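# Observations on the three-dimensional arrangement
Chain by chain, the residues:
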Amino acid sequence: MKDHMGNPLHLKSLNHISLLCRSVEESMNFYQDILGFVPVRRPGSFDFDGAWLFGFGIGIHLLQSEDPEKMPKKGEINPKDNHISFQCESMGAVEKKLKDMGIQHVRALVEEGGIHVEQLFFHDPDGFMIEICNCDNLPVIPLAGEVARSCSCLNLQTMQQMQPMVQRERAI
């Protein structure tokens, strides 16, 4: 088996995700008003419509579709579909806010070894799915080595420090 440990590309963090939109303005309003992202300056040299937003350590780049009518429409909320997930402080407060705003959502519960993780799934205006969770409850456990910590506290440097130990264990 190839050694997949390490950081061959010297990655540091997630920078941004890009989302194709029917309406950049409608999507901007959603990501600002619902999720709390803020608009940031976008390079003026771009020759296509879009917007950049930033929050929670990542960027969201909204790109105006050249043919919005041909974009697929999603109706059903399927937790097994592509999505981006955000940690929250209070699942109860998030669910209340979603209900108050009239945002259709689906609730899910994951149980692993007595640990419970709550999840709420909903779509943005273009059908891209958003998850809000309390995934901090679930430790990140590498397939080899020690427990790294919860997902929002996972530190790349910690994982990199663990890798030489794991590689030595494999060699034995």
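Use the structure listed above.
Residues numbered from 1 in each chain as written. Predicted model: local features only at pLDDT ≥ 70, side-chain atom pairs only at ≥ 80, totals over all residues. Heavy atoms only, no water.

## What about the nonpolar core?
General note: in soluble globular proteins, nonpolar side chains tend to be found buried as a group. To keep things clear, this is the line we draw: Take the buried Ala, Val, Leu, Ile, Met, Phe, Trp, Tyr and Cys residues and link them wherever side-chain atoms come within 4.5 Å; each set so joined is a nonpolar core. With a 1.4 Å probe rolled over the protein chains alone, any residue whose accessible area is under 20% of its type maximum counts as buried; one over 50% counts as exposed, and the rest are partly exposed. Each helix is a run of H or I in the DSSP string that is no shorter than four residues. Each strand is a run of E no shorter than two, and both are numbered from the N terminus.
In terms of nonpolar packing, the biggest core is built from 24 residues, with Y31, L35, L62 and I130 touching the most fellow members. Mapped by element, the contributors of at least two residues to this core are β1 (16-21), α1 (24-33), β3 (50-55), β4 (58-64), β5 (83-87), α2 (91-100), β7 (115-123) and β8 (129-133). With four residues, the single largest contributor to this core is α1.

## Observations regarding the sheet that holds β5
Note the threshold: One requirement defines pairing of two strands: DSSP has to find at least two bridges between them. Here an axis means a line fitted to C-alpha atoms, over the contact stretch when the element is a helix, while the angle between two N-to-C directions is reported on a 0 to 180 degree scale.
Spatially, β5-β8-β7-β6 is the arrangement adopted by the four strands of the open sheet, whose pairing is mixed. Each of the sheet's edge strands pairs with one partner strand only, and the pair in question is β5 and β6 (106-112). Pairs of neighbouring strands in the sheet enclose a mean axial angle of 25°, with direction left out of account. Where β7 meets β8, five bridges bridge the pair, whose relative direction is antiparallel. Note that in β8 the partner of L120 across the bridge is I132.

## Observations concerning the packing of aromatic side chains
Put simply, the rule is: The pairing test for Phe, Tyr and Trp rings, Trp by its six-membered ring, is centres within 6.5 Å, and the orientation test on the planes gives stacked under 30 degrees, edge-to-face over 60, and tilted for anything in between. Geometrically, a charge over a ring is one whose NZ (Lys) or CZ (Arg) sits within 6 Å of the ring centre while staying within 35 degrees of the ring normal.
The final tally for this structure, using the stated rule, is eight aromatic pairs. Arranged with centres 5.0 Å apart and planes meeting at 80°, the rings of F30 and Y31 form a pair that is edge-to-face. Look at F30 and you get buried, because its relative accessible area is 9%. Classification of Y31 as buried rests on a relative accessible area of 1%. Pairwise contacts between aromatic rings join F30, Y31, F37, F56, F86 and F122 into one cluster. Between R42 and the ring centre of F48, over which it is positioned, the NZ or CZ distance is 4.9 Å.

## A short note on the pattern of salt bridges
What counts here: Salt bridge, as used here: a side-chain nitrogen of Lys or Arg that lies within 4 Å of a carboxyl oxygen of Asp or Glu.
Within this structure, the stated rule accounts for six salt bridges. Here E95 ties to R107 by a salt bridge, and the two come within 2.5 Å at their closest N and O atoms. Of the two residues, E95 is situated in helix α2 and R107 in strand β6; the sequence distance between them amounts to 12 residues. Judged by its relative accessible area of 13%, E95 falls in the buried class. Residue classification places R107 among the partly exposed positions, given a relative accessible area of 41%. As a salt-bridge pair, R107 and E118 come within 3.1 Å of each other at their nearest N and O atoms. Within this pair, whereas R107 is found in strand β6, its partner E118 is found in strand β7, the two being separated by 11 residues in sequence. Look at E118 and you get partly exposed, because its relative accessible area is 25%. Three or more residues are tied together by salt bridges with common partners; here these are E95, R107 and E118.

## What to know about the state of the cysteines
As a reminder of what qualifies: By convention in this document, the label disulfide applies to cysteine sulfur atom pairs within 2.5 Å.
Counted according to the given criterion, the structure contains one disulfide. Shown here is the disulfide that connects C133 with C135, its sulfur atoms set 2.5 Å apart. Note on the C133 and C135 pair: the S-S dihedral is about -130°, so by sign convention the disulfide is left-handed. The buried category is assigned to C133, whose relative accessible area is 1%. Among the cysteines around C88, which has no disulfide bond, C133 carries the closest sulfur, lying 7.1 Å off.

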